[in-house]
Amino acid sequence: MKILLGIDGSRYALAATRFVCEYLAGPGRQVDMLHVLPLVVREGAAAPRRQPEALRVPPLTRSWLDRAERRLKSRGFRVVKHMRRGVPARVFPERAAGGNYDLVVLGAKGRADNPYLPTGSVALAMLEHHVPADILLVRERELKREKDVTTALSPFPVLFATDGSARIAQVAESFYQLFRMPGLRPIAIAVAELPEPAVLAALRSDDRRRLLSQVAATARAWARAAKPLLARQGLRPQAQVVQGRPAAALIEEARRSEARLIVLGSRGARSPSGPPLGSVALQVARYAPCSVLLMRDSL
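Residues numbered from 1 in each chain as written. Predicted model: local features only at pLDDT ≥ 70, side-chain atom pairs only at ≥ 80, totals over all residues. Heavy atoms only, no water.

**Q** For this particular structure, what's the right way to read the side chain of S291?
**A** By secondary structure assignment, the location of S291 is in strand β11 (residues 291–295). A distance of 3.1 Å separates a polar atom in the side chain of S291 from the backbone nitrogen of R139. If sequence neighbours within four positions are ignored, S291 has contacts with F19, L137, V138, R139, E140, R260, L261 and I262. (Helix = DSSP H or I, 4+ residues; strand = E, 2+ residues; numbered from the N terminus. Polar contact = N/O pair within 3.5 Å; in protein donor to acceptor, adjacent residues only side chain to side chain. Contact = heavy atoms within 4.5 Å.)

**Q** How should I be thinking about helix α10 (residues 279–287) in this particular structure?
**A** Turn by turn, an α-helix covers 3.6 residues, leaving residues three or four places apart pointing in a common direction. Every buried residue belonging to α10 is among A281, V284 and A285, and all of these are buried. End-on, the buried residues of α10 take up no more than an arc of 100°, which puts them together on one face. Buried-residue contacts for α10 involve α4 (121–128), β6 (134–138), α9 (246–257), β10 (261–265) and β11. (Buried < 20%, exposed > 50% of the residue type's maximum accessible area, 1.4 Å probe, protein only. Arc of directions from axis to C-beta.)

**Q** Would you take a moment to explain the nonpolar core for this structure?
**A** Where a protein is soluble and globular, its nonpolar side chains tend to be buried together. The biggest cluster of nonpolar side chains holds 42 residues, and the ones touching the most others in it are V105, F175, F179 and M181. Among residues more than four places away in sequence, those in contact with V105 are I3, L4, L5, G6, A16, V20, L24, L136 and V138. (Core = buried A, V, L, I, M, F, W, Y, C linked by side-chain atoms within 4.5 Å.)

**Q** How do you make sense of the packing of aromatic side chains when you look at a structure like this?
**A** Where two aromatic rings form a pair, the distance of their centres and the angle of their planes describe that pair. Applying the stated criterion across every chain, the model contains 7 aromatic pairs. Centre to centre, the rings of F19 and F179 are 6.3 Å apart; their planes meet at 90°, and the pair counts as edge-to-face. Residue F19 is located in helix α1 (residues 11–23), and its partner F179 is located in the loop between α6 (167–178) and β8 (184–192); the two are separated by 160 residues in the primary sequence. You can call F19 buried: its relative accessible area is 0%. Judged by its relative accessible area of 4%, F179 is buried. On the numbers, 4.9 Å between centres and 25° between planes, the contact of F175 with F179 is stacked. Judged by its relative accessible area of 1%, F175 is buried. Residue placement shows K2 over the ring face of Y101; its charged tip is 4.9 Å from the ring centre. (Phe/Tyr/Trp six-rings, centres within 6.5 Å; stacked < 30°, edge-to-face > 60°. Lys NZ or Arg CZ within 6 Å of the ring centre and 35° of its normal.)

Structure (structure tokens):
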């Protein structure tokens, strides 16, 4: 298994490194750490797309990379360091697309991103490009050392979004191959998407009740069907239904339940000719209050 991990010294990158160490360790796994150095531009000159990587690397940057490398190696990962000069929002998708990676892990924001935006420019660029790998955006903050043990033993609620398609079986199988999560609490969640208010208002009361009942019953059936697919030894999945627009309902439920991860099949093809993320996956990835894992279709 080959993982691309973005490193920029931000607290989100530190959290991404911790996430990889805690939940993705396993035999034969390789982590490629990528850091993008800023372009060096002379006054009055146009910024080049790339520059030689041989220019001097600041000591602080080396310390970030060395610290992350030691932490990853202590968990058994084979580590390869990559440094590039260029624009991060260009370099990361290019590297991810051409590196034959199984998983790309990024902090949801970086050092230079606007503090008022929920998702950083590099993460957005990754979401909007055809990256043939699963994508994990980590929103957890780096925890203090003395809290690590407590966190590892605490419940880890994960929402698995399902829409009744066969995709949830593939998502579940891939998830359990990737992750080792102590305290995992899997929850199959389906959204009963309500019609527009104007549509409901135009219906007779009996027809409106019948329609709403049918929508809710369909969502319950989706969640119940997904529940056994998430079962593993020692795990007892839950099934849950929420109402509303899919992306907004998933985000709100993640906030209410204090979920630590949302897992979605992204509808994105593993091919440059296929579409990028589906609209629900893109909105959840951008605005969720927790980490988000987008699993690409392999078909």
